[in-house]
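Spelled out, the chains give:
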Amino acid sequence: MCLTKKKLKKNLFLNKLFSEIYLQMIGLVCLVVFLPFKANSSEIIYLSLDSCRQLALENNNALKISKEKVASAQWDKKYAISQYFPKISAMGTYMWNEKDLKLIDFGPIHADLTQLVGTMPDMLKPFVAPMIPGLKNVLGKVEAATVLDIQNMYLGSVSLMQPIFMGGKIVACQQIAQYAEKLALSMSDNEMQDMIYRTDELYWQIVSLEYKKQLSNNYVGMLQKMDTNMQALIGEGISTASDGLAVKVKLNEAEIALLKVENGLNLSKMMLAQMCGLPLEANLQLEDELPAISKNSKESTQSIQKSSKEILVTDQVLQEAFAQRNELKSLLYAEKIFHKKEAVVLADMLPNIGFSANYFVSNPNLENGFQKEFSGMFNVGIVVKVPITDWIGGSFRRQTAKAQTRIKHLEYEDAKDKVELQVKQSSYRVNEADRKLTTCFKNLNNAEENLKYASYGFDEGVISSLNVMEAQTAWVAAQAAYIDAQIEKKLSEIYFDKALGILGK
């Protein structure tokens, strides 16, 4: 009995142990299964400038609309080509009529016949009276023959119309469709360049904010270290509480500035994620972001600093810009379209000649006394349409088309002047950004040297904390200005490419 109880307790213990192991194994399996899904939500998405451009172009609705416009213009061009070929059409009609068609009214004839018998002399009536029924019978047959059965009518036709001379309208419409296709392609390309420019601008803005975030972190760390040192000096009676409060004020300002930079960086990354078609909460890591900013400016900016030569805008550069800018292409195509519209208006004033062929089928038979049977025939001919009174109105419409052509030409010349100004301004902007980058680089070196001497003097006790904070503030300002100069140089180069019409090509 005792052995049985011990054995029972042992079995219960083992069952409990196995149950706990089983539950732990289930928990481990669930952890292994669901952990990747949790990790994926915070997975870092690495993006380069090219990948951002590609994603933005693939997910931009305006660009998709412009592509659909290109497709629409291509179908219009095919429709214009189809106007050269003959047009064939078929038609079928069924008609039910309430009454038949009587070709001759026999009512007066019957009345005259009756009146003739009544007025006939009595001596002739015995001879004529026997002939009256036969005569009425003949009249009845003739009347029945002149009644056409049109209660159920069936009509059908097949027609062919081949244009021979339409005043040049078909050719002009085809050329308009070709220019419209090129215009749609040009507008789509312009939309693509605008999208690339906005993407690049946002991309480098995020890079700038990432640098400034790291800079702000370094500045906060410097002030925290100085606050710790200042508290030690106040405890030893070397510095006053006023100096400590001044450091704390600077620290609070730096922390607020860091918070603003972090918020701006997060919002900018959300905007870039939305532009690229990614979730707003996606953890983006850009290729041009540096992991940290060291105190040595040469090392911290070596990966993105590039030397450039001064840009000179020559006549050749301007001519290439005129040939590449989509705005000028669009205006040039629009001018050509309105010029061809003049030809369309002129074509409406000229004679139109076409070849016509038709085949008709009908029931009742129109060829043979409206018999209840199907019968058909065909005909061919030349159709000539000559406008007479439309010349006056057509001349007015042609002058309107010429005025619109001149308007587009003037808009094209005005746009050329603006493009030339834009190219020169963008070249000045690139040159200015390059000189500004060089100047900021020198200022940064000076600020670093000043900070180094100020920190050394503060450690030796010969420089006050106020002077050290001024040196730190100047160093941060120089770092921020140098970051802005680098980003400004990048954006100026992108803007110059856009002004030349070669952005993204």
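This write-up is about the structure you can find in this document.

Conventions used here
- Residues numbered from 1 in each chain as written.
- Predicted model: local features only at pLDDT ≥ 70, side-chain atom pairs only at ≥ 80, totals over all residues.
- Heavy atoms only, no water.
- Helix = DSSP H or I, 4+ residues; strand = E, 2+ residues; numbered from the N terminus.
- Buried < 20%, exposed > 50% of the residue type's maximum accessible area, 1.4 Å probe, protein only.
- Contact = heavy atoms within 4.5 Å.
- Areas by Shrake-Rupley, 256 points an atom, 1.4 Å probe, with all protein chains shown as cover.
- Pairing = 2+ DSSP bridges.
- Axes fitted to C-alpha atoms, helices over the stretch in contact; angles between N-to-C directions.
- Salt bridge = Lys/Arg side-chain N within 4 Å of Asp/Glu carboxyl O.
- Core = buried A, V, L, I, M, F, W, Y, C linked by side-chain atoms within 4.5 Å.
- Phe/Tyr/Trp six-rings, centres within 6.5 Å; stacked < 30°, edge-to-face > 60°.
- Lys NZ or Arg CZ within 6 Å of the ring centre and 35° of its normal.
- Expected span 1.5 Å × (residues − 1).
- Patch = residues over 30% accessible without salt bridge, like charges linked within 9 Å, V, L, I, M, F, W, Y side chains within 5 Å.
- Polar contact = N/O pair within 3.5 Å; in protein donor to acceptor, adjacent residues only side chain to side chain.
- Disulfide = S-S within 2.5 Å.

1. With respect to the overall build of the protein
When helices and strands are tallied, the protein shows 13 helices and 8 strands. For the protein, the residues scored as buried account for 33% of the 505 residues in total. Partitioning the intrachain contacts of the protein with sequence separation of at least 6 by distance along the chain shows that 84% fall at a separation of at least 24. Carbon and sulfur atoms make up 61% of the accessible area of the protein, which totals about 31,500 Å².

2. Details of the environment of Lys248
Mapped onto the elements of the fold, Lys248 is located in helix α8 (residues 241-276). Along the primary structure Lys248 and Met230 are separated by 18 residues, whereas in three dimensions their C-alpha atoms are 9.8 Å apart. With near-sequence residues (within four places) excluded, Lys248 lies in contact with Asp227 and Gln231.

3. Re the sheet that holds strand β2 (residues 87-96)
If you walk across this open sheet you meet the 4 strands as β2-β5-β7-β8, and the pairing is antiparallel. Lying at the two open borders of the sheet, with one neighbouring strand each, are β2 and β8 (375-385). Here the strands of the sheet are splayed against their neighbours by 20 degrees on average, with no regard to which way each runs. Here 11 bridges tie strand β5 (residues 152-165) to strand β7 (residues 352-363), and the two strands are oriented antiparallel to one another. Bridge pairing in β7 places Ser159 opposite Asn358.

4. As for the pattern of salt bridges
For the coordinates displayed, the defined rule picks out 14 salt bridges. One salt bridge in this structure joins Lys248 and Asp227, with 3.4 Å as the shortest N-O distance. Note that Lys248 is positioned in helix α8 and Asp227 in helix α7 (residues 169-235), a separation of 21 residues in sequence. Between Asp348 and Arg397 there is a salt bridge, with the nearest N and O atoms lying 3.5 Å from each other. A residue pair is termed long-range when its members are at least 10 positions apart, and Asp348 in helix α11 (residues 326-349) and Arg397 in helix α12 (residues 390-460) qualify at 49 residues.

5. Some thoughts on the nonpolar core
Core analysis: the biggest nonpolar cluster contains 56 residues, and Cys52, Tyr203, Trp204, Val207, Leu272, Leu286 and Trp475 have the highest contact counts within it. Elements with a minimum of two residues in this core: α2 (49-58), α7, α8, β6 (283-286), α12 and α13 (465-500). Take this core: its biggest share by element is 17 residues, from α7. Grouped together as the second largest cluster of nonpolar side chains are 14 residues, Leu318, Ala415, Val419 and Leu500 included.

6. Thoughts on the packing of aromatic side chains
Under the criterion given, the structure shown has 5 aromatic pairs. Seen from their ring centres, Tyr197 and Tyr495 are 6.1 Å apart, and the 55 degrees between their planes marks the pair as tilted. Linking Tyr197 in helix α7 with Tyr495 in helix α13, this pair joins segments that are 298 residues apart in sequence. Assessed through its relative accessible area of 16%, Tyr197 is described here as buried. Arranged with centres 5.6 Å apart and planes meeting at 45 degrees, the rings of Phe441 and Tyr482 form a pair that is tilted. Here Phe441 is found in helix α12, whereas its partner Tyr482 is found in helix α13, with 41 residues between them in sequence. As far as the burial class goes, Phe441 and Tyr482 line up, both buried. Chaining the aromatic ring pairs together yields one cluster made of Tyr94, Tyr154 and Phe374. One cation-aromatic arrangement involves Lys452 over Tyr453; the distance from NZ or CZ to the ring centre is 5.6 Å.

7. Some thoughts on α12
In a regular helix each residue adds 1.5 Å, so 71 residues correspond to 105 Å; α12 covers 101 Å between its end C-alpha atoms and thus fits that length. Of the residues trailing α12, Gly461 is marked for its positive phi of about 85 degrees.

8. Re a nonpolar patch on the surface
Judged by side-chain polarity, Ile88, Val158, Ile164, Phe165, Phe355, Tyr359, Phe378, Val380, Ile382, Val384, Val386 and Ile388 come together as a nonpolar surface patch covering roughly 1,200 Å² of accessible area. Per-element accounting of the nonpolar patch gives the leading share, 4 residues, to β8. Considering the arrangement of structural elements, one finds Tyr359 in strand β7.

9. Describing the environment of Phe370
Its place among the elements puts Phe370 in the loop between β7 and β8. When its relative accessible area of 23% is taken as the criterion, Phe370 is described as partly exposed. Separated by 222 residues in sequence, Phe370 and Leu148 have C-alpha atoms that sit 6.4 Å apart.

10. Brief notes about the side chain of Asn431
Assignment of secondary structure puts Asn431 in helix α12. Residue classification places Asn431 among the buried residues on the basis of a relative accessible area of 6%. At a separation of 2.8 Å, a polar atom in the side chain of Asn431 contacts the main-chain amide nitrogen of Ile311.

11. A word on the state of the cysteines
Using the criterion set out here, one finds 0 disulfides in the structure. There is no disulfide at Cys52, and the cysteine sulfur nearest it, in Cys276, is 4.5 Å away. The class of Cys52 is buried, set by a relative accessible area of 0%.

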